[in-house]
Every structure is written in structure tokens, then in C-alpha cells.
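Below, each chain spelled out in residue letters.
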Amino acid sequence: MSCTFETLGLAPSLLRAITEQGYTQPTPIQERAIGPILAGHDVLAGAQTGTGKTAGFTLPMLQRLAGKADTRTSPARHPVRALVLTPTRELAAQVEQSVRTYGRHLPIRSCVIYGGVGMNPQIETLRKGVDILVATPGRLLDHVHQRTVDLGKVEILVLDEADRMLDMGFIRDIRKILALLPCARQNLLFSATFSEEIRRLASGVLRAPVEIEVARRNADAELVSQRVHQVPQERKRDVLAQLVRSGGWNQVLVFTRTKHGANRLAEQLTRDGIGATAIHGNKSQPQRLKALADFKQGSVRILVATDIAARGLDIDALPQVVNFELPHVPEDYVHRIGRTGRAGRSGEAISLVAPDERPQLAAIERLLGRRIPQDSGIAPLACAATPIPARQPAPARQRPATPLRPASQPREVPGQQSPARRGGDRRGSRHAAAPVDATRTPRGRTHEGHGEPRFTPRPAVAVRVARPQRKPAAVPALLRTAIPSINEL
Ligand code: AMP
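Some details on the overall build of the protein chain
Okay, step 1: Assigned secondary structure in the protein chain consists of 15 helices and 20 strands.
Okay, step 2: Nonlocal contacts in the protein chain, meaning residues at least 24 apart in sequence, comprise 78% of its contacts between residues at least 6 apart.
Okay, step 3: Per element, the accessible surface of the protein chain, about 20,300 Å² overall, is 51% carbon and sulfur.

And the structure:
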């Protein structure tokens, strides 16, 4: 029998909300997570944005809370019963919106709190009584210090995108928050990668967790065609404008390295008649949400973003990603291009590379284990561009990159490695969650320490990230590309 939301045991009021959303079938993470969460297990899930993970924990969490709803207590005295911690404001807002969407037929109250906006409206909402609180760690602690939130009755804790929270230096805040929660609670930890630091966190938080791993929804990033254009920095804006116009692109996510650069580019493109807006950490939350809404609704064609701001953005089926500047950190390239080619749709990732960015390009290609095809189609525009050495011969249309590793070898997932350089565990292993579907019960995989069950990482599901190589070697299957014609432009 194929798995449906009904067979997962969800209540009619949730099924109604799911139908209203137009979902017909659970995604793999939902298939595997909903049952164990409904049954009250702790869960350790390897899943990233785009897999449907939010509904995967929100639906059963709503059901568990609704099942035990206390109708006798006045709403104003409702304690926080579920706490969801997220790394960014955008993700917090999106998760809370999902709680509202899926819980619309249930008497459950939710609230989102994050920094960058006034405390008072949040205090007002908290005072009225909240069942599910979605928060970023720093602002939650601000409320704790002001005694405007009580976490002493939390029954369910969700750590969403735990790896990113650690990347962003939230570990101390998380530990402070954990100390405020009751010991008897259900814990759910979602992370795209599993560094040593994540494992340590998981082992301290989770009790005999059910472990779940699912492939990235954009595991078919083979559908992402990647290209490099050599362009001097001062010509990049013209080249981008030409690409957008000649390609008839209507929804392009453009990455810059700096907030200032993002602003300037968005302004210049708008002056050039191409609607653009910027999203970055200096923008207020209402400005960020407006930028995202304008982009999603199509009132601007280009969203210019910095790496941090782009994290957690839920934009489905993005057709084009442009690296206006290459990231300093090669792993960020993989995160960036992962924004396209989702849900089985094809996508295009184009990098505009100035001569002084060659070292970054070389580092990215070492991480990928292959060269990214360079496109000469834009050469007339790029006038003074100095050719980048060791160009590849003009690639043929749709020719897949040659895998240099036997198909039987495990896939390598460069994008999922532990970003130890960003404040993660510098001693940490560079293991990552393997892109395999698997649900396991904790039997035999936990060992009782001093009364505390501990998560034992299973080597079989971890993969090593491609080591930097002198010569391009293995082609990570996730990143195999279809190589387009150079005359496409
Ligand atoms: P997430 O990974 O939670 O960020 O979800 C990514 C996107 O998948 C969101 O836009 C959801 O609305 C969508 N989604 C979640 N579950 C399903 C489903 N079962 N069927 C179709 N779309 C879904």
C-alpha cells in the first residue's frame, strides 16, 4: 500500500489543511518522520530546505499538541508547549507561517519571535498565550532575560537547520535555552550535515532517537547546468543585464559578496530598467519580507542576495542563479547553486568570474572535482577579459560531465560538508549525511552512558567530502551537469 497522509495517521483537521495546500502525497521525509513523531519518539533527521521537512515536523507536532489541548485553562495562561529554534529570521517566519497554514483548523496558537524588530509587539503576543513558539535563539534569550517568556512547560523542542545554527555561532545560546526546558520532552533535530559538533549536540539533546535521512530534494542537481563567463569586474553588470534580457529571464537569484554590493547592483539594475531588489542582513525584517514577496510574485525579476540572507529562503523552482561574484568559501558555491534545479526542474547556474577571482574558481573546481565549463558566447561583451588558463574545449550540448569514479563508489556530497571554517568544529570530521533514504530505529544504535542514551554515528551513512585535489578527478554525482551549447546566449 502506498503511503498517504491518511495512512500516516494524521487527524482529519490536518488532512483538510493538507488538501487545501494541494499536497497529494507525503514527501520522503514526511513519510518517515510523521509516524515516529506522532508516536512520541525523538528524531534525528538529515534533511534540508526543499525536502518538505517543515511539514514533516509541524503536522505531527500540531496533532500531538491538539490531542492534549487544555481547554480548561484560559488562553492567556497557555504556556509555551512547543519551541522551534531556527537560525534565521526568514526561516523562523516561514516555519511559523507553516504552523498557521497546517494548523488553521485547530485551536492552537503560534507566534514567531526574532531580532531586528521591536520587542513590544512580541511581548504582547506572548502575553496572550502561545502554544507553539518559533524563535531565533538570540531574541528568545532577550525575552528570557526580560522574563517575558516561560519555557518551563515545553513538551516538544525542534532544532531546525541545526548545522546552520552552529555555523552562525548559536551553540552557546542553544545550550542556555536547553537548560531552561523541562527534562521530560520530545526532541526533534533537523540538520543538512553532521559534523562532530552536531553529533555532540544531538547526543546531549536526543534520547534514543529515530534516525532519518533523505536525499536532497534537489539531488537531481544534475539538472543544474553550470557555466562560467570570464568578465572583468566593471563589465559584469552589462553582461548580467544582457543575459537577463536575451534569455528572457524572469526570476533570477543573484549573489554578491557584500551587502553594499547587493544594494548597489539592485539599484543599478533598476536604473537599467530591470526590476531588482536586494536582501541582506542590514535590511529590516519588513524590508526583507517585502523583497522576498516582490520577487516571488514577479514584481521584480532579480533578487540580489548575500549568502547569509539567502539561507533558508523558500523559493521553489528557481530557474536561474547567477554568481555575480564568487564566494570566498567554496562550499557556499554549492549552497548557492542548490537554489536552482529543485523538484525535478532544470536550472541554470552562471558565474561571472573576473580575473582576480581565479583562485576562488580554482578552489570551487577542486571541491567539485571537475572544471566548470566556460562559455565564450559572451566574449564580445567581455572585451578585455583575460582568458582563464586551461580552458576546456567547447562542450557539446547536453553532454554529461564524465564521471571519473566508478558508478559503484559512494556519492560524494561536497555541499553537505561541515563548514568547519565558519566557527564550526575545527577538529570536526568532514563527514556528511549520505543522500540515501533510510529510517532506522535506535535499537542497537544507542548506548547507555551515564543514564543518557547517546547517538552513535553510523559510518555507513556518512560520506567523505571530496578532498581538494590537484587535478580534477571524481565528479560528485550530485553535481554532474548537463553542459549547454556555448551559443545559447
Ligand atoms: P521545506 O523543505 O519544508 O522548506 O518545504 C519546501 C516546499 O515544499 C514548501 O514550499 C512546501 O510548501 C512544499 N511541500 C511540503 N510538503 C509537500 C508535499 N507533500 N507535497 C508538495 N509540496 C510540499
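Side note on the nonpolar core
Okay, step 1: If you look at the biggest cluster of nonpolar residues, it comprises 42 residues, and the most contacted ones within it are Leu10, Phe57, Leu59, Met61 and Ile132.
Okay, step 2: For Met61, the contacting residues outside a window of four places in its chain are Ile37, Ala82, Val84, Val99, Ile132, Ile156 and Val158.

Some remarks on the packing of helix H14 (residues 330–337) against helix H15 (residues 358–368)
Okay, step 1: Their axes nearest at 8 Å, the elements H14 and H15 cross at an angle of 70 degrees. The orientation of H14 with respect to H15, classified from their angle, is roughly perpendicular. In contact with Pro330, Glu331, Tyr333 and Val334 of H14, H15 contributes Ala363, Ile364, Leu367 and Leu368.

Some remarks on the side chain of Ser351
Okay, step 1: Examined against the element boundaries, Ser351 turns out to sit in strand S13 (residues 347–353).
Okay, step 2: There is a polar contact of 3.0 Å between the side chain of Ser351 and the side chain of Asn323.
Okay, step 3: Residues in contact with Ser351, not counting those within four places in the same chain, are Arg227, Val228, His229, Asn323, Leu326 and Tyr333.

Digging into helix H5 (residues 119–128)
Okay, step 1: Of all the positions in H5, only Met119, Gln122, Ile123 and Leu126 are classed as buried. Along the long axis of H5, the arc covered by the buried residues comes to 100 degrees, so they all point the same way. Facing away from the buried side of H5, by more than 90 degrees, are the exposed residues Asn120, Pro121 and Lys128.
Okay, step 2: Structurally, H5 contributes buried residues whose contacts are with strand S3 (110–113), strand S4 (132–135) and helix H6 (137–145).
Okay, step 3: The positive-phi residue at the C-terminal boundary of H5 is Gly129, with phi of around 105 degrees.

A short note on the site of the ligand
Okay, step 1: By nearness alone, 15 residues border the ligand, and Tyr23, Gln30, Gly50, Gly52 and Thr54 come closest of all.
Okay, step 2: At 2.7 Å from a nitrogen atom of the ligand is found a side-chain nitrogen or oxygen belonging to Gln30.
Okay, step 3: Contacts to the ligand include Gly52, whose backbone N or O atom sits 2.7 Å from an oxygen atom.
Okay, step 4: The protein chains hide 79% of the 500 Å² of surface that the ligand would expose on its own.
Okay, step 5: Across the shell around the ligand, the residue classes tally to 3 nonpolar, 8 polar and 4 charged.

As for the confidence of the model for the protein chain
Okay, step 1: Mean pLDDT over the protein chain: 75, with 70% of residues reaching 70 or higher.
Okay, step 2: Of the regions scoring below 50 in pLDDT, residues 217–221 engages in 17 contacts with residues more than four places distant in sequence or in other chains.
Okay, step 3: Here residues 378–489 scores under 50 on pLDDT; set against residues more than four positions off or in separate chains, the count is 262 contacts.

Examining the pairing of S4
Okay, step 1: Going residue by residue along S4, you find Ile132 and Val134 tucked away on one face and Leu133 and Ala135 tucked away on the opposite face as well.
Okay, step 2: Judged from the 4 bridges that link them, strand S2 (residues 82–85) and S4 form a sheet pairing that is parallel. Of the residues in S4, the one forming a bridge with Val84 is Val134.
Okay, step 3: With 4 bridges joining them, S3 and S4 adopt parallel strand pairing. Bridging across to S4, Cys111 finds its partner in Leu133.
Okay, step 4: Handedness of the crossover joining S3 and S4 through H5: right-handed.

Focus on the pattern of salt bridges
Okay, step 1: One pass over the structure, following the stated rule, counts 19 salt bridges.
Okay, step 2: With a shortest N-O distance of 3.5 Å, Glu161 and Lys53 are connected by a salt bridge. Linking Glu161 in the loop between strand S5 (156–159) and helix H7 (162–167) with Lys53 in helix H3 (residues 53–67), this pair joins segments that are 108 residues apart in sequence.
Okay, step 3: The exposure class assigned to Glu161 is buried, which follows from its relative accessible area of 5%.
Okay, step 4: Among the salt bridges present, the one from Arg127 reaches Glu124, with a minimum N-O distance of 3.0 Å. Here Arg127 and its partner Glu124 are both found in helix H5, 3 residues apart, which amounts to about one turn of the helix.
Okay, step 5: For Arg127, a relative accessible area of 56% corresponds to the exposed category.

Notes on the sheet that holds strand S10 (residues 276–279)
Okay, step 1: Read across the sheet, 6 strands follow the order S8-S13-S12-S9-S11-S10 without closing on themselves; strand pairing throughout is parallel. The outermost strands of the open sheet, each flanked by one partner alone, are strand S8 (224–230) and S10. Strand-to-strand twist of the sheet, defined as the mean angle between neighbouring strand axes without regard to direction, takes the value 20 degrees.
Okay, step 2: Where S10 and strand S11 (residues 302–305) come together, 4 bridges link them in parallel fashion.

Details of the side chain of Thr277
Okay, step 1: Inspection of the secondary structure puts Thr277 in strand S10.
Okay, step 2: Setting aside anything within four residues of it in sequence, one finds Thr277 in contact with Ala266, Ala291, Val300, Ile302, Leu303 and Val304.

Some details on helix H1 (residues 12–21)
Okay, step 1: All of the buried residues along H1 are Ser13, Leu14, Leu15, Ala17 and Ile18.
Okay, step 2: Directly beyond the C-terminal end of H1, a positive phi value near 85 degrees is found at Gly22.

Observations concerning the environment of Thr58
Okay, step 1: Within the secondary structure, Thr58 is located in helix H3.
Okay, step 2: Take Thr58: its relative accessible area is 0%, and that puts it in the buried class.
Okay, step 3: Once the C-alpha coordinates of Thr58 and Glu96 are considered, the two residues, 38 residues apart in sequence, prove to be 9.3 Å apart.
Okay, step 4: Excluding residues that lie within four positions of it along the chain, Thr58 makes contacts with Ser98, Val99 and Tyr102.
Okay, step 5: A polar contact of 2.5 Å, which involves the side chain of Thr58, links it to the backbone oxygen of Thr54.

Thoughts on the packing of aromatic side chains
Okay, step 1: Within this structure, the stated rule accounts for 2 aromatic pairs.
Okay, step 2: On the numbers, 5.1 Å between centres and 55 degrees between planes, the contact of Phe57 with Phe190 is tilted. Placement of the pair is Phe57 in helix H3 and Phe190 in strand S6 (residues 186–191), with a sequence separation of 133 residues.
Okay, step 3: Overall, the relative accessible area of 0% leaves Phe57 in the buried class.
Okay, step 4: Just above the ring of Phe324 sits the side chain of Lys236; from NZ or CZ to the centre is 5.8 Å.

What counts and what doesn't
Residues numbered from 1 in each chain as written. Predicted model: local features only at pLDDT ≥ 70, side-chain atom pairs only at ≥ 80, totals over all residues. Heavy atoms only, no water. Helix = DSSP H or I, 4+ residues; strand = E, 2+ residues; numbered from the N terminus. Contact = heavy atoms within 4.5 Å. Areas by Shrake-Rupley, 256 points an atom, 1.4 Å probe, with all protein chains shown as cover. Core = buried A, V, L, I, M, F, W, Y, C linked by side-chain atoms within 4.5 Å. Buried < 20%, exposed > 50% of the residue type's maximum accessible area, 1.4 Å probe, protein only. Axes fitted to C-alpha atoms, helices over the stretch in contact; angles between N-to-C directions. Parallel < 35°, antiparallel > 145°, perpendicular 65-115°, else oblique. Polar contact = N/O pair within 3.5 Å; in protein donor to acceptor, adjacent residues only side chain to side chain. Arc of directions from axis to C-beta. Near = heavy atom within 4 Å. Nonpolar A, V, L, I, M, F, W, Y, C, P; charged D, E, K, R; others polar. pLDDT = per-residue confidence, 0-100. Pairing = 2+ DSSP bridges. Right-handed = clockwise from strand over helix to strand, strands pointing away. Salt bridge = Lys/Arg side-chain N within 4 Å of Asp/Glu carboxyl O. Phe/Tyr/Trp six-rings, centres within 6.5 Å; stacked < 30°, edge-to-face > 60°. Lys NZ or Arg CZ within 6 Å of the ring centre and 35° of its normal.

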